[in-house]
Structures are given as structure tokens and as C-alpha cells.
Amino acid sequence: MQSVIPVVLPEKSYEIAIAPGSVDRIGRLITDAETPLKLGQKILVVSNPTIFRCYGQRVVDSLTQAGFDVCRCILPAGERYKTLATLQKIYDAALENRLERSSTMVALGGGVIGDMTGFAAATWLRGINVVQVPTTLLAMVDAAIGGKTGVNHPRGKNLIGAFHQPRLVLIDPQVLKTLPMREFRAGMAEVIKYGSIWDANLFERLEQAARLDQLRYINDDLLQEILTRSCQAKAHVVSKDEKESGLREILNYGHTIGHAVESLTGYRVVNHGEAVAIGMVAVGQVAVEMGLWTQEESDRQLALIQKIGLPTRLPEGLDIEAIIHSLQSDKKVKAGQVRFVLPEGIGKAIVTDQVTPDTIRSVLQKM
Ligand code: NAD
Ligand code: GLY
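Residues numbered from 1 in each chain as written. Chains lettered and ligands numbered in written order. Predicted model: local features only at pLDDT ≥ 70, side-chain atom pairs only at ≥ 80, totals over all residues. Heavy atoms only, no water.

1. Concerning the sheet that holds strand 5 (residues 104-109)
Sheets are built from strands that pair by backbone hydrogen bonding, the pairs being arranged parallel or antiparallel. Stated precisely, the cut-off is as follows: Strands are treated as partners if at least two bridges between them are detected by DSSP. A run of H or I in DSSP becomes a helix once it reaches four residues, and a run of E becomes a strand once it reaches two; helices and strands are each numbered from the N terminus. A fitted line through C-alpha atoms represents every axis, and for helices the fit uses only the stretch in contact; the resulting angles, taken between N-to-C directions, go from 0 to 180 degrees. Residue contacts are defined here by distance: any two heavy atoms, one from each residue, within 4.5 Å place the two residues in contact.
The seven strands lie next to each other as 1-2-9-6-5-3-4, forming an open sheet whose pairing is mixed. For this open sheet the edge positions go to strand 1 (3-7) and strand 4 (69-74), each flanked by a neighbour on one side alone. Neighbouring strand axes in the sheet, compared pairwise and without regard to direction, differ in orientation by 20° on average. In the sheet, strand 3 (residues 42-47) pairs with strand 5 via four bridges, with the strands oriented parallel. Its bridge partner lying in strand 5, valine 46 is registered against alanine 107. Lying on the sheet, helix 2 (residues 49-65) is in contact with strand 3, strand 4 and strand 5; it crosses strand 4 at an angle near 170°. Contacting strand 1, strand 2 (14-18) and strand 9 (168-171), helix 8 (residues 220-240) crosses the sheet at an angle of about 10° to strand 1.

2. Comments concerning the environment of arginine 211
Going by this rule: Throughout this description, a polar contact denotes any pair of N or O atoms lying within 3.5 Å of each other; where both atoms belong to protein, one of them has to be capable of donating a hydrogen while the other can accept it, and for residues adjacent in sequence the pair is counted only when both atoms sit in side chains.
By secondary structure assignment, the location of arginine 211 is in the loop between helix 7 (200-208) and helix 8. The spatial distance from the C-alpha of arginine 211 to the C-alpha of arginine 361 is 33 Å, given a sequence separation of 150 residues. Setting aside residues up to four positions removed in sequence, arginine 211 forms contacts with Tyr217 and Ile218. At 3.1 Å, the side chain of arginine 211 and the side chain of tyrosine 217 are in polar contact.

3. A closer look at the packing of aromatic side chains
The cut-off we apply is this: Think of it this way: a Phe, Tyr or Trp ring, Trp meaning its six-membered ring, pairs with another when their centres are within 6.5 Å, and the plane angle makes it stacked under 30 degrees, edge-to-face over 60, tilted otherwise. Exposure classes here rest on a 1.4 Å probe applied to the protein chains alone. A residue is buried below 20% of its type maximum, exposed above 50%, and partly exposed in between.
Under the criterion given, the structure shown has one aromatic pair. For the pair tyrosine 91 and tryptophan 124, a centre-to-centre distance of 5.9 Å together with 20° between the ring planes defines the contact as stacked. Of the two residues, tyrosine 91 sits in helix 3 (residues 84-96) while tryptophan 124 sits in the loop between helix 4 (111-123) and strand 6 (129-134), which places them 33 residues apart along the sequence. Owing to a relative accessible area of 19%, tyrosine 91 belongs among the buried residues under this scheme.

So this is what it looks like as C-alpha cells:
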């Protein structure tokens, strides 16, 4: 069971391969690819201690057996280390191991490792190869695809970055078995996002599943389908709008209010996926108020989010006026107008700057 999804771009198209067991076959998958990647000899595997302990040696062995000269760089784990200071450790490893223009960085990890490794690869020697091997559900369906890379500034998330597309995204669904349940649910929020804004069939498949709150209730076929459909949605959108000058904005569905909730609670109360879930519930209701979709459709989305076990209400004590104020500093504000992605029926979305603070206020007051 394997899916290959192309990401078609004007320059340097690439593939997303969803292949169970691929962590042990990465070397061969790179060298024997239908369109050879022609990567240089040297590969720097970047990971964190938790992930490297589970999968690192297998990746290193597979690459070594395929004839690559492999070195490693292990970074501290966590969003708080997604900084320029940590990036320096990747550059140091690149220097010590004499990475060249033809060399490759392999990002083995979740979105934090993927974003940092991608940015290091974008900037080392003005750009070398990067292969993304995502190990969280969120990174598999979102962060590893599409070339957004970067680190946080002390005063804002992902403010320093570059677009740098990977040469390959290699997804091994089996690594999700060790992923903590809360991280799994966070990734499922992004999966629901694709169902709500892009793929009504995916939305219905999720509705039909008996349980989705833990990975063990999802059989291999359904997991492969969830990954494939989500990656297809992301690949399609990125292919049409690589640098987010239009269509790609729809991927921010649930993120505008989500980011406000995340930052106002100091990134400690809810994680990214949980914040997106709350954001999707809110904009789902905004879309009802604006006559874009029906209450029934909004309720179906709410039920799906609840089925995963994701939060659907604002964290206790969060000030609604502070959320409305915080929306003004969102990265996506254009000419002073906050831009919202709103569903227009299940599987379809629009971007608008016509949502009034009063509408947001009245929706948030009920949450
Ligand atoms: P993460 O990278 O912090 O990983 C979450 C935790 O899971 C970490 O503690 C990690 O060590 C652990 N982990 C990862 N894989 C594991 C596995 N298979 N088994 C056991 N433990 C495992 O979190 P994330 O949700 O993957 O990524 C969040 C980051 O992604 C944020 O920094 C966000 O800004 C970024 N992001 C980027 C994009 C993009 O387009 N570039 C999109 C969405 C999110
Ligand atoms: N995660 C949103 C994007 O890649 O555009």
C-alpha cells in the first residue's frame, strides 16, 4: 500500500510518498526513485533526541547502506528551541561535516524540526537539498509540504523564514504509533480543515468512522486514505499558489482566531491543533451568521471536532476583547483589514475581509 502524490511547481516539482515501513527503506527510495533525485554523497540527518531514539539509527543505516555518507545533528526538543540560536547548531554541523552545494539535509521529526531544517537548508551555501521525513501527523499532512520554513522571533511565531521546497517528502505512517495521543489529535484538526475547506468526501469518510479519537481505532486503510487525501489537498493548493498570493490563504482556515487563542494563552494552554479546532468552530458559526453555510453544516463540523476529542470552547478566562484586539496583529492582516477564511458549504471556502468585530464578538461570547 503506497501512494505517491506529485507537487507540481514551475521549478523543482517533487513527490510526496506515503509508504508504510519507508523509514527502513529511505536510502533505496531515494536512489531507486523513478525520477532519480541525484543527491550528492553527503547527508546530514537533523532530529531531536526523542525521535532519533525511535527512528534515527534506522534512517542512518538505510542511507548508509544505499551508499550515502551520513552525519547527524540532534537538536533540543520543543517549540521554544525553534530559534536562530538553535539554527546555529545545524550550521555548525554542516560546517564540521563539510556539507557542499550538492549535499542534503534530512529533517526527521515534527513541524519544529522540519521548519528549522528546511530553513537551514534554504540558507546554507545559499540553498542545498532538503528531504522531509515528517514524524507527526500534523507535519505529514501540513508542515512538511509546501516549502514554508523558518524559526520564531522572541516576539512572534515564524517571523524569520524562507520558501524552500523539499526534494522529496517521505511519510511512513507506522511512526505515528509512538506519537503521543494529544499530538495525534492536533494533527487531526488539520485533517478536518481539509475536509471542511476542500474535500467533502474526506469530511464524510471521517463522519462515517466509528471512532477517531485515538490512532488505534483507525485501521491502516483509513489512515492511508486520510493521509493521501490530506496531502492531495495541500499539494493541489501549493501547486496553484506556491507563495501564498491567493488560493493558499484558504489553508489558514481556523488559524486566525486559533493563533490569537494560542498566543494569548502563552502557547502553554492549547497546542496549535487545539487552537485551530477552536478557531474552526468559531469561523464555522461566523459563516452561519453571514449566510455562507447552514447551521446543520456548522453542527456537523462541530460534531467531527468533538469526535476527535479536540476542544470546541475558548479556554477559561480568556478575554474576548483581547482576542479581537490580537486579530489585528495577525500576519494575514492586509491594509488594516483582518482576513478570514470562511466555509461556503462543506468542502468549499472563501477568503474575506468583511467580517465585523461585532459578529466575532457575538460568536465568541457563546463559546
Ligand atoms: P513538534 O514538531 O513540536 O512535535 C511534537 C512532539 O512530538 C515533539 O515533542 C516531538 O519530539 C514529538 N514527536 C514527533 N514525532 C514523534 C513520533 N513519531 N513519536 C514520538 N514522539 C514524536 O510539533 P508539530 O505539531 O509536528 O509541529 C508544530 C510546528 O510546525 C510549529 O512550529 C508550527 O509553526 C509548524 N508548522 C509549520 C507549517 C509549515 O507549513 N511549514 C505548517 C504547520 C505547522
Ligand atoms: N500551513 C499553511 C501553509 O502551508 O500555507
